[in-house]
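Below, each chain spelled out in residue letters.
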Amino acid sequence: PLCGVLIVGEETIVYCSANAFKAIPIRPSITKAYGRVDADGSRYLLGDHAGLLHLLVITHEKEKVTGLKIELLGETSIASTISYLDNAVVFIGSSYGDSQLIKLNLQPDAKGSYVEVLERFVNLGPIVDFCVVDLERQGQGQVVTCSGAYKDGSLRVVRNGIGINEQASVELQGIKGMWSLRSSTDDPFDTFLVVSFISETRILAMNLEDELEETEIEGFNSQVQTLFCHDAVYNQLVQVTSSSVRLVSSTSRELRNEWHAPSGYSVNVATANATQVLLATGGGHLVYLEIGDGTLTEVKHAQLEYEISCLDINPIGENSNYSHLAAVGMWTDISVRIFSLPELNLITKEQLGGEIIPRSVLLCSFEGTSYLLCALGDGHLLNFQVNMSNGELTDRKKVSLGTQPITLRTFSSKNTTHVFASSDRPTVIYSSNKKLLYSNVNLKEVGHMCPFNSAAFPDSLAIAKEGELTIGTIDDIQKLHIRTIPLGEHARRICHQEQSRTFAICCLKNQSSADESEMHFIRLLDDQTLECISTYPLDTFEYGCSILSCSFSDDTNVYYCVGTAYVLPEENEPTKGRILVFIVEDGKLQLIAEKETKGAVYSLNAFNGKLLAAINQKIQLYKWMLREDGSREIQTECGHHGHILALYVKTRGDFIVVGDLMKSISLLIYKHEEGAIEERARDYNANWMSAVEILDDDTYLGAENNFNLFTVRKNSEGATDEERGRLEVIGEYHLGEFVNRFRHGSLVMRLPDSEVGQIQTVIFGTVNGAIGVIASLPHDQYVFLEKLQSNLRKVIKGVGGLSHEQWRSFNNEKRTAEAKNFLDGDLIESFLDLSRGKMEEVSKGMGVSVEELSKRVEELTRLH
């Protein structure tokens, strides 16, 4: 706006126009991003490579520029974009760290910074490397990434499912049920926690020291098992046991009324809300009571033809204290029935099918939609939508949550209702965009759960698991949880070692001033706390390029092997490197052996009890030899030349798959008799590789620098040597992301009995910070889903009207080809978000019912 140009250099900023030239010196820095503050162009924000934010002020009289001033405001993430919004609020977009919303204050804080961070936006990019580990040892993978760059470098632990943050716990065996109660109707917090056992009931309460201690509610019968408890109107509490229903004052704790089961009958199952009690005795009797001020009235009794297995009268209509519907699960005919209250007329009966009885039913409302959840004894859960006016059940869906019986309870978190399903695979059921979602809870087995919102532990849950009672808060209800471990330096390689319970990372620290060079380290971290417990510095100019945890034949120890390169300014390609072998002893990295190499060690693999290294253009095999003095050394066995740069290597059995800088993928084989490595086949296309992985014995996956994925297959049945020597390209797909690493594994629990449990998956990490999953599908499923994908393309319009087919076409400098043998999972899963009308359109094209399509697509969503 002031005319002229601003030139931002590394040591000077210059303003230059036809009739003026002003320059000021600045501290040496590389400005990465700028953003204009004022419309008249008098102030600019500059962000540099170290994440420092400066304000550049252009002083001017009318249109004439009189000078420049620069001031340091403070530190932010390393900025890629700077957008001044308004009112001193600025958005810092970062591709090297988390993006931030910041406020610029008029007064500096204690550290002299004018920058206050209002909000952070998680960014995992660039993911340079990652590993898949099961830190909680529950059979569920987590991804630990090397994310960010330079000072914004961090490790991120990405896991699927919800964590419980334990606040308190006590050892208690044999818990049969739990309920929380309040000491008065309008008390915002819970006071009592009722814990039921097979022959007694104990009551816990918070004392003044915020500890749980045992207390008495005199009106309760504590010599027997409690079947159900609830807060009732008029400051009352209800306790149901096998012989009676007791109504107790919550203030004086004395018994006010009692209803006794008819002689010869005992209560088997019961449920209650603030004004109603519903119970079942042996012989299929269903009894309905209403609660008044000191009164318990038997209103209605119905005789059913079979025994009753579970009940629910959770109010989800207008009145939060009274339900017009009752859900009843039955033995023998294995059905769930809806009765009207107070009349106990049967409205709906739904046969569940199969031999397994319903163990828990729950009426609940998510996002304004009413549902009936029905959990079976084998870990399956059915859900129906309930029409509140006529009790009709529609839209039946079934999922498998575990293998053991499930109990359902509602709880609230951030003012939203969710359902906790306790079983061998505890799960939280919640709703998003009018769709039920299931997120597993990172606990092993949970017998019972109840919300316990006490003053000392607000918004907590009480959880009974394997002989202990835990009170804890629950993470945000969402699918993925990301924990950030800031390093302040750039981690480039990571590896996990199960035996020593550690991670090892190769990282580099950028020095603050320009004249110091960067330093590279190997750091050892504890895999639970992720704190650094040992550091090994590398030589000057030496980079850590690869890292591996492995063991060797005839040696029981497990080692960390690190491959390095000396990166000298005058060399185009490193001419020397080292292989370092460490052992972890007493939490320290001990160097056991080292070997000099004639180039950069780009990749290391454990290979038949030996060590396989990729060094510049050569694949080299080393064995682990015992010297006469008992020490160990790495000795060359054989090698294979013929690559431009062998950057990525994966092995399986005697096969070696190499991803080359320019020469795509080649397949080598190690021959034991000759002790030699030979090329078996290669892909003759020119692909600049960025990652490779072995999918199965014959199929290999590659990613290249034009953001494509492709698969090649070895052709063992070929008639001629020429055919057998060729890796045939069988799949191609444009991902639109630069992949840095593939790893086998999964972020979800694999239930062996589900179809999805058999499907192999590979996880990838990209420069933009995306984590993705590639699943290998059986042929018939692929054919079905390919048809579904092409039907979806007709119904779902691409962003900006762009064609999905074109976007997913393989595309490099030489050619473009339609995607083949790859499906777009994101597109297929978007079927579940379509309106009913659009779903029916797709269903018509497929000739398959909407229910069946939803079921098949929902199965797939459980792959990730």
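Residues numbered from 1 in each chain as written. Predicted model: local features only at pLDDT ≥ 70, side-chain atom pairs only at ≥ 80, totals over all residues. Heavy atoms only, no water.

### Considerations on the overall build of the chain
Which entries qualify depends on this criterion: Numbering goes from the N terminus for both helices and strands, where a helix is a DSSP run of H or I of at least four residues and a strand is a run of E of at least two. Only protein chains enter the accessibility calculation, which uses a 1.4 Å probe. A residue is then buried if its area is under 20% of the maximum for its type, exposed if over 50%, and partly exposed in between. The contact criterion used is simple: two residues touch if any of their non-hydrogen atoms lie within 4.5 Å. All accessible-area figures derive from a Shrake-Rupley calculation using a 1.4 Å probe, and residue coverage is judged against the displayed protein chains alone. Here Asp and Glu are counted as negative and Lys and Arg as positive; His is not counted, and neither are the chain ends. Here the site of a charge means NZ on Lys, CZ on Arg, CG on Asp, or CD on Glu.
Within the chain, the regular secondary structure consists of six helices and 68 strands. Viewed in the frame of its principal axes, the chain has a C-alpha envelope of about 95 × 85 × 65 Å. Relative to its full complement of 864 residues, the chain shows a buried share of 53%. Counting contacts in the chain only where the partners sit at least 6 residues apart, residues at least 24 apart contribute 49% of the total. If you sum the accessible surface of the chain, you get close to 38700 Å²; carbon and sulfur atoms cover 48% of it. The average position of the 79 basic charges and that of the 115 acidic charges among the side chains of the chain differ by 5 Å.

### Brief notes about the packing of aromatic side chains
Condition: Under the pairing criterion, centres of Phe, Tyr and Trp rings, with the six-membered ring standing for Trp, must be within 6.5 Å; the plane angle then separates stacked pairs below 30 degrees from edge-to-face pairs above 60, leaving the rest tilted. Here, a charge over a ring is recorded when the distance from Lys NZ or Arg CZ to the ring centre is within 6 Å and its angle to the ring normal is within 35 degrees.
All told, the structure shown has 13 aromatic pairs when counted by the stated rule. Here the aromatic cluster, defined as three or more aromatic residues joined through ring pairs, consists of Phe-552, Tyr-559 and Trp-624. Over the aromatic face of Phe-521 sits the side chain of Arg-523, whose NZ or CZ is 4.5 Å from the ring centroid. Sitting over the ring of Tyr-566, Lys-576 keeps its end group 4.4 Å from the ring centre.

### Re the sheet that holds strand β25 (residues 276-281)
Definition in use: At least two DSSP bridges between two strands are required for those strands to pair. The axes used here are C-alpha line fits, helices contributing only the stretch in contact, and every angle between their N-to-C directions lies in the interval 0 to 180 degrees.
Strand order in this open sheet of four strands is β24-β25-β26-β27, and the pairing throughout is antiparallel. This sheet does not close on itself; its edge strands, each paired only once, are β24 (267-272) and β27 (296-303). Sheet twist, expressed as the mean angle between neighbouring strand axes with direction ignored, is 20°. Across seven bridges, the pairing between strand β26 (residues 285-291) and β27 is antiparallel. Its bridge partner being in β27, Val-287 is matched across the sheet by His-301.

### So, the packing of helix α5 (residues 836-846) against helix α6 (residues 850-861)
Going by this rule: We call two directions roughly parallel when the angle between them is under 35 degrees, roughly antiparallel when it is over 145, roughly perpendicular when it lies between 65 and 115, and oblique otherwise. Each residue gets one label: Ala, Val, Leu, Ile, Met, Phe, Trp, Tyr, Cys and Pro are nonpolar, Asp, Glu, Lys and Arg are charged, and the others, such as Gly, are polar.
Running from N to C, α5 and α6 cross one another at 95°; their axes reach a closest spacing of 9 Å. Of the possible angle classes, the one that applies to α5 and α6 is roughly perpendicular. In this structure, α5 contributes Arg-836, Met-839, Glu-840, Val-842, Ser-843 and Met-846 to the contact, and α6 contributes Val-850, Glu-851, Leu-853 and Ser-854. Across the contact of α5 with α6, the residue classes tally to five nonpolar, two polar and three charged.

### Section: the sheet that holds strand β49 (residues 559-566)
Spatially, the four strands line up as an open sheet ordered β48-β49-β50-β51, and their pairing is antiparallel. The strands lining the two open edges of the sheet, one partner per strand, are β48 (542-550) and β51 (588-597). Adjacent strand axes in the sheet meet at a mean angle of 25° when their direction is disregarded. As paired strands, strand β50 (residues 577-585) and β51 are joined by nine bridges and run antiparallel to one another. Bridging across to β51, Ile-583 finds its partner in Gln-590.

### Quick notes on the pattern of salt bridges
Working definition: two side chains of opposite charge can pair if their charged atoms are close together. The line we're drawing: Here a salt bridge means any side-chain nitrogen of Lys or Arg lying within 4 Å of a carboxyl oxygen belonging to Asp or Glu.
Scanning the entire structure with this criterion turns up 40 salt bridges. Between Lys-610 and Glu-637 there is a salt bridge, and its shortest N-O distance comes to 2.9 Å. Here the residue Lys-610 occupies a position in strand β53 (residues 610-615), and Glu-637 occupies one in strand β55 (residues 632-640), the gap between them amounting to 27 residues. For the salt bridge of Arg-713 with Glu-728, the shortest nitrogen-to-oxygen distance reads 3.9 Å. Here Arg-713, found in strand β62 (residues 708-714), pairs with Glu-728, found in strand β63 (residues 727-734); they are 15 residues apart in sequence, far enough to count as distant. Residue classification places Arg-713 among the partly exposed residues on the basis of a relative accessible area of 37%. A residue is classified by how much of its surface remains accessible, and Glu-728, at 38% relative accessible area, is partly exposed. In this structure, a network of salt bridges that share partners links the residues Glu-305, Asp-333, Arg-337 and Lys-349.

### A word on empty space enclosed by the protein
What counts, and what does not: Cavity: a set of points on a 1 Å grid over the protein atoms alone where a 1.4 Å probe fits but cannot get out. Pocket: an open set with protein on both sides within 12 Å along at least five of seven lines, its lining residues, like those of a cavity, having an atom within 4 Å of a point. Grid points are joined across faces, edges and corners, and a volume is the space filled by probe spheres set on the points.
The full count for this structure, using the stated rule, is two cavities of 30 Å³ or more. Residue composition of the lining of the second largest cavity, by class: no nonpolar, three polar and four charged.

### Comments concerning the environment of Glu-10
Counting through the fold element by element, Glu-10 comes out in the loop between β1 (5-8) and β2 (12-17). When sequence neighbours within four positions are dropped, the list of residues in contact with Glu-10 reads Ile-26, Arg-27, Pro-28, Ser-29 and Ile-30.

### Quick look at α5
For clarity, the cut-off: Directions from the helix axis toward the C-beta atoms define the arc.
Those residues of α5 not exposed but buried are Met-839, Val-842, Ser-843 and Met-846. End-on view of α5: buried residues confined to an arc of 100°, all on one side of the axis. Buried residues in α5 make contact with α2 (779-795) and α6. One or two positions beyond α5, positive phi appears at Gly-847, with a value near 70°.

### Concerning the UniProt feature "domain: RSE1/DDB1/CPSF1 first beta-propeller" (unreviewed entry) in the chain
In plain terms, the rule: UniProt positions are given in the numbering used here, feature names are shortened, and annotations may be inferred rather than shown by experiment.
What UniProt calls "domain: RSE1/DDB1/CPSF1 first beta-propeller" (unreviewed entry) maps, in this numbering, to residues 4-121. Structurally, residues 4-121 is divided into 0% helix and 63% strand, and its ends, taken at the C-alpha atoms, are 36 Å apart.

### Describing the pairing of strand β61 (residues 699-704)
Regular strands place side chains that alternate from one sheet face to the opposite one. Summarising burial for β61: six of the six residues are buried, a large majority. Every second residue of β61 is oriented toward a common face, with Thr-699, Leu-701 and Ala-703 on one face and Tyr-700, Gly-702 and Glu-704 on the other, all of them buried. Relative to β61, strand β60 (residues 689-696) runs antiparallel, the two sharing six bridges. If you follow Ile-694 over to β61, its bridge partner there is Tyr-700.

### Quick look at a nonpolar patch on the surface
Short version of the rule: Within this analysis, patches are made of residues with over 30% relative accessible area and no salt bridge. Like charges are joined at 9 Å or less; nonpolar side chains (Val, Leu, Ile, Met, Phe, Trp, Tyr) at 5 Å or less.
The grouping of Ile-644, Met-662 and Trp-688 at the surface amounts to a nonpolar patch, some 250 Å² of accessible area in total. Inspection of the secondary structure assignment puts Ile-644 in the loop between β55 and β56 (646-652).

### Remarks on the pairing of β63
Of all eight residues that make up β63, seven are buried, and the element is covered over most of its length. One ladder, built from seven bridges, connects β62 with β63; its direction is antiparallel. Residue pairing for β63: Leu-709 is matched across the bridge by Tyr-733.

### Thoughts on the packing of α2 against α6
The line we're drawing: For any helix crossing, the convention is left-handed if the near helix is rotated counterclockwise from the far helix by under a right angle, and right-handed if that rotation is clockwise.
The contact between α2 and α6 brings their axes to 12 Å, and the two run at 115°. What the angle tells us is that α2 and α6 run roughly perpendicular. Where α2 crosses over α6, the handedness of that crossing is left-handed. Every residue of α6 that contacts α2 at Gln-781, Phe-784, Leu-785 and Leu-788 is listed here: Leu-853, Arg-856, Val-857 and Leu-860. Tallied by class, the residues present in the contact of α2 with α6 amount to six nonpolar, one polar and one charged.

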